[in-house]
Amino acid sequence: MKKIFFLGECMVELKAISDSTLNQSFAGDVYNSAVYLKRCFSSLECGVVSAIGTDALSIKMRQRFVEEGLATQLVFTHANKVPGIYYIETDEQGERSFTYWRHDSAARKVVDFFNPSVEEELASADMLFISGISLAVIEPASRDLFWQIVQRIKKAGVKIVFDPNYRARLWQSEQETKGQYTIAFELADICLPGIEDLTTLYELHSAQAVMDYLAQFNIAEVVVKNGPSSVFTKINGQLFEHQITPVTHVVDTTSAGDAFNGAYLGARMAGMDEHKAVQLAAKAAAVVIQQPGAITPKEHFVKAMQS
Ligand code: ADP
């Protein structure tokens, strides 16, 4: 069975649904992608690599991973840390604001749990997915060890997948981010950037500019997402522009790129070519942005994907 691991942080999401009521769920970029991959391709093994605590919400989070069919052998339990939390509120104009408590979360400690048997499990996968948010969450003191392990599992045959997903507030400086991103670009076999993520950091404003910038690295497969505009792929040097159908009634774009990534990678692991993979990924993203929240209810998602 083909296997992929998604490394990063899943958070507790609190959403105001009235003045006195909060709805609680779970979300985070890599987790979202893992969920959508598994929902699209249930026969692929899809696991989360992260750390949670021993608290009630951590227990529920692990249960949610299992309910979504995600493998949890690399979800570690930290004795005295808890998951990151964010609170989301939507004002009358539909503008969302986010408040985070994640600077001391269990997920930041994930590399502390790595040992030879964890590395062996990682090396047994076909792909390892990391995002720019994963890189920001890993503690700076663990970065060298993290990259050594990524290098070794790549040598063992694991494809490294990177989505830059840039969140400025998680980094000390742009210089720090660029240092980490350069290592990621150098190691990536597949890169799935959104243009916006690279605009602030590298002043790249178009898919072509992103492709030109990434040409200096040895990345076999680049997929550039650009909201409702077309998707560009460059696979072993072959550039292609894929048309997608824009959604006219967008409810909430949270997790569009995550759903795209999950469905795209699942499709590629299942043997589809990039044309079919982009169409499926764009469909998954379109379903997700017509529903509120990062994780669309499973039944609705599965039904919409079959229609
Ligand atoms: P991110 O969520 O990473 O910012 P994008 O906004 O580029 O990512 O969107 C990711 C994918 O979601 C796009 O490539 C596209 O397939 C889909 N998408 C986003 N916005 C729309 C839209 N308005 N209509 C149709 N598809 C969309």
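Everything that follows concerns the structure shown earlier in this document.
Cut-offs applied
Residues numbered from 1 in each chain as written. Predicted model: local features only at pLDDT ≥ 70, side-chain atom pairs only at ≥ 80, totals over all residues. Heavy atoms only, no water. Pairing = 2+ DSSP bridges. Helix = DSSP H or I, 4+ residues; strand = E, 2+ residues; numbered from the N terminus. Axes fitted to C-alpha atoms, helices over the stretch in contact; angles between N-to-C directions. Contact = heavy atoms within 4.5 Å. Near = heavy atom within 4 Å. Polar contact = N/O pair within 3.5 Å; in protein donor to acceptor, adjacent residues only side chain to side chain. Areas by Shrake-Rupley, 256 points an atom, 1.4 Å probe, with all protein chains shown as cover. Nonpolar A, V, L, I, M, F, W, Y, C, P; charged D, E, K, R; others polar. Patch = residues over 30% accessible without salt bridge, like charges linked within 9 Å, V, L, I, M, F, W, Y side chains within 5 Å. Salt bridge = Lys/Arg side-chain N within 4 Å of Asp/Glu carboxyl O. Lys, Arg positive; Asp, Glu negative; His and termini not counted. Charge placed at Lys NZ, Arg CZ, Asp CG, Glu CD. Expected span 1.5 Å × (residues − 1). Buried < 20%, exposed > 50% of the residue type's maximum accessible area, 1.4 Å probe, protein only. Arc of directions from axis to C-beta. Phe/Tyr/Trp six-rings, centres within 6.5 Å; stacked < 30°, edge-to-face > 60°.

Enquirer: Help me out: how do you make sense of the sheet that holds strand 3 (residues 21-27) in this one?
Expert: Strand order across the open sheet formed by four strands is 3-2-6-7, with mixed pairing between neighbours. Pairing within the sheet leaves two strands with one partner each, and these edge strands are strand 3 and strand 7 (96-101). Geometrically, the sheet is characterised by an average inter-axis angle of 25° between neighbouring strands, direction not taken into account. Note: strand 6 (residues 85-90) against strand 7, six bridges, orientation antiparallel. Its bridge partner lying in strand 7, T90 is registered against R96. Running at roughly 55° to strand 3, helix 2 (residues 56-67) makes contact with strand 2 (11-18) and strand 3 of the sheet.

Enquirer: Honestly, the site of the ligand in this entry has me stumped. Any pointers?
Expert: Contacts to the ligand come from 16 residues, most closely from G227, V247, G257, A285 and I289. Contacts to the ligand include G227, whose backbone N or O atom sits 2.7 Å from an oxygen atom. Here G257 contributes a backbone N or O atom positioned 2.9 Å from an oxygen atom of the ligand. Here the ligand has 550 Å² of accessible area as a free molecule, and 84% of this is covered by the chains. Among the elements of the structure, helix 9 (256-269) and helix 10 (274-289) are those that each provide at least two residues to the shell around the ligand. Tallied by class, residues from the shell around the ligand come to 11 nonpolar, four polar and one charged.

Enquirer: Just to check I follow, could you spell out the sheet that holds strand 9 (residues 159-163) for this structure?
Expert: Strand pairing in a sheet takes place through backbone hydrogen bonds and is either antiparallel or parallel in direction. Ordered by their spatial adjacency, nine strands build an open sheet running 5-4-1-8-9-10-11-12-13, and the pairing between neighbours is mixed. Since the sheet does not close on itself, it has two edges, and those belong to strand 5 (75-77) and strand 13 (238-242), each with one partner. As paired strands, strand 1 (residues 3-7) and strand 4 (residues 45-52) are joined by five bridges and run parallel to one another. Of the residues in strand 4, the one forming a bridge with L7 is V49. Of the strands in this sheet, strand 1, strand 4 and strand 8 (127-131) are in contact with helix 1 (residues 29-40), which crosses strand 1 at around 155°. Across the sheet, helix 3 (residues 116-123) is in contact with strand 1, strand 4, strand 5 and strand 8; its angle to strand 1 comes to roughly 125°.

Enquirer: What should I look at first to understand a negative patch on the surface in this one?
Expert: On the surface, D19, E89, D91, E92 and E95 cluster together to form a negatively charged patch. On the secondary structure map, D19 appears in the loop between strand 2 and strand 3.

Enquirer: Help me out: how do you make sense of helix 5 (residues 143-155) in this one?
Expert: At 3.6 residues per turn, the α-helix brings residues three or four places apart onto the same side. With 13 residues, helix 5 ought to run about 18 Å at 1.5 Å a step, and its terminal C-alpha atoms sit 18 Å apart, in line with that. When helix 5 is considered as a whole, its buried residues turn out to be R143, F146, W147, I149, V150 and I153. The buried side chains of helix 5 occupy one side of the element, clustering within an arc of 160° when seen end-on. In helix 5, the exposed residues that point more than 90 degrees away from the buried face are D144 and K155.

Enquirer: Before we go on, may I ask you to explain the packing of aromatic side chains in this structure?
Expert: To describe a pair of aromatic rings, one takes the distance between the centres and the angle between the planes. According to the stated counting rule, one finds 19 aromatic pairs in the structure shown. Ring geometry for F98 against Y100: centres 6.1 Å apart, planes inclined by 10°, an arrangement best described as stacked. A relative accessible area of 29% means that Y100 is categorised as partly exposed. Taken together, a centroid distance of 6.2 Å and an interplanar angle of 80° make the contact between Y181 and F185 edge-to-face. You can see Y181 and its partner F185 sitting in helix 6 (residues 174-187), four residues apart, about one turn around the helix. Of the residues examined, Y181 reaches a relative accessible area of 0% and is grouped as buried. Of the residues examined, F185 reaches a relative accessible area of 0% and is grouped as buried.

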